[in-house]
Amino acid sequence: MELDAGHNRKAWEAASQKHVREYDELLEQARNGTSLFPWELELLRPLVESGPSVVHLQSGHGLDDIALVAAGARGVVGVDFSRTAVVSARRRAVDLGVPCHYVVGELPGAPLRSGCADVVYTGKGALIWMPDLARWAADVARLLRPGGHLFLYEAHPAVPLWTWDADEPRIRGDRGYFARGFVNDTFPGHGAVEAQATLGEVVTAVVRAGLEVRVLEEYAEPFWRAGGVDAAAWRGRLPNSFALVARKGM
């Protein structure tokens, strides 16, 4: 399955219109709570409590950036290839008066100087747009200062296999764990081709980029649930997300 970057960018621009339609709702969410999960915060706190500079790759609606500042980050620079998402996130940061800034950029190849980040944060639907994990991980390593950390919280690579049946978990007959990609048949990226990688491939790409893996955790809780769906695959028996923390050497 070949990933078409131009087609996927159009699909994501269309999906990002949701951030515009729901601007006021998202603004209230950012003002009154955090978009970070408790298990994310548990791992993130030691990384952000000292006031680091954070780069968020594929920053989307930007709510995580506001939450990172609330958790201690000195400031966040978000990078996304959707101009719609960037404009919406930038406006929200201005409305809330938080030190979050945004740029439009293709990834890998973030339009930021090398060694600009103490922490690179990414995930929640980011890696599915990255067919070349080696280039992605090398870009992360380039952005990090010596001693800096990558924090990745993402859908588990096994998630494309699970059906959304409510009675019991099942494996989709049209998907495979070792496939290279598939056409997204759900919101928000409907029609886009998602890249697939195994958990081993993600970890190996990070290690080969020169980063030392410090934490690898797997969770039964998904980071996203489709509205009106109560899938048995989300009820604690199967992996639905994972977190990885890696450090760049001094």
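Residues numbered from 1 in each chain as written. Predicted model: local features only at pLDDT ≥ 70, side-chain atom pairs only at ≥ 80, totals over all residues. Heavy atoms only, no water.

Draft legend 1. Structural view of the packing of aromatic side chains. The final tally for this structure, using the stated rule, is nine aromatic pairs. For the pair Phe37 and Trp39, a centre-to-centre distance of 5.1 Å together with 15° between the ring planes defines the contact as stacked. You can call Trp39 partly exposed: its relative accessible area is 22%. Judged by centre distance (5.7 Å) and plane angle (5°), the ring pair of Tyr121 and Phe151 falls under stacked. Taken together, the residues Tyr121 in strand E4 (residues 117–123) and Phe151 in strand E5 (residues 144–155) connect sequence positions 30 residues apart. Here Phe151 falls in the buried class, since its relative accessible area comes to 0%. Aromatic rings pair up to connect Phe37, Trp39, Tyr153 and Tyr219 into one cluster. (Phe/Tyr/Trp six-rings, centres within 6.5 Å; stacked < 30°, edge-to-face > 60°. Buried < 20%, exposed > 50% of the residue type's maximum accessible area, 1.4 Å probe, protein only. Helix = DSSP H or I, 4+ residues; strand = E, 2+ residues; numbered from the N terminus.)

Draft legend 2. Local environment of the nonpolar core. Core analysis: the biggest nonpolar cluster contains 33 residues, and Leu57, Val120, Trp136 and Leu150 have the highest contact counts within it. Elements represented by at least two residues in this core include exactly strand E1 (53–57), E4, helix H6 (133–143), E5, helix H7 (199–208) and strand E9 (241–248). Considering every element that reaches this core, the biggest residue donor is H6, with six residues. In this structure Leu150 touches Val120, Thr122, Trp136, Val140, Leu144, Val206, Leu211, Leu244, Val245 and Ala246, once residues within four positions along its chain are discounted. (Core = buried A, V, L, I, M, F, W, Y, C linked by side-chain atoms within 4.5 Å. Contact = heavy atoms within 4.5 Å.)

Draft legend 3. A look at the environment of Gly181. Mapped onto the elements of the fold, Gly181 is located in strand E6 (residues 181–183). Separated by 15 residues in sequence, Gly181 and Gln196 have C-alpha atoms that sit 4.8 Å apart.

Draft legend 4. View of the pattern of salt bridges. In this structure the tally under the stated criterion is 13 salt bridges. The salt bridge partner of Asp139 is Arg142, with a shortest N-O separation of 2.9 Å. With Asp139 and Arg142 both in helix H6 and three residues apart, this pair spans about one turn of that helix. The exposure class assigned to Arg142 is partly exposed, which follows from its relative accessible area of 26%. (Salt bridge = Lys/Arg side-chain N within 4 Å of Asp/Glu carboxyl O.)

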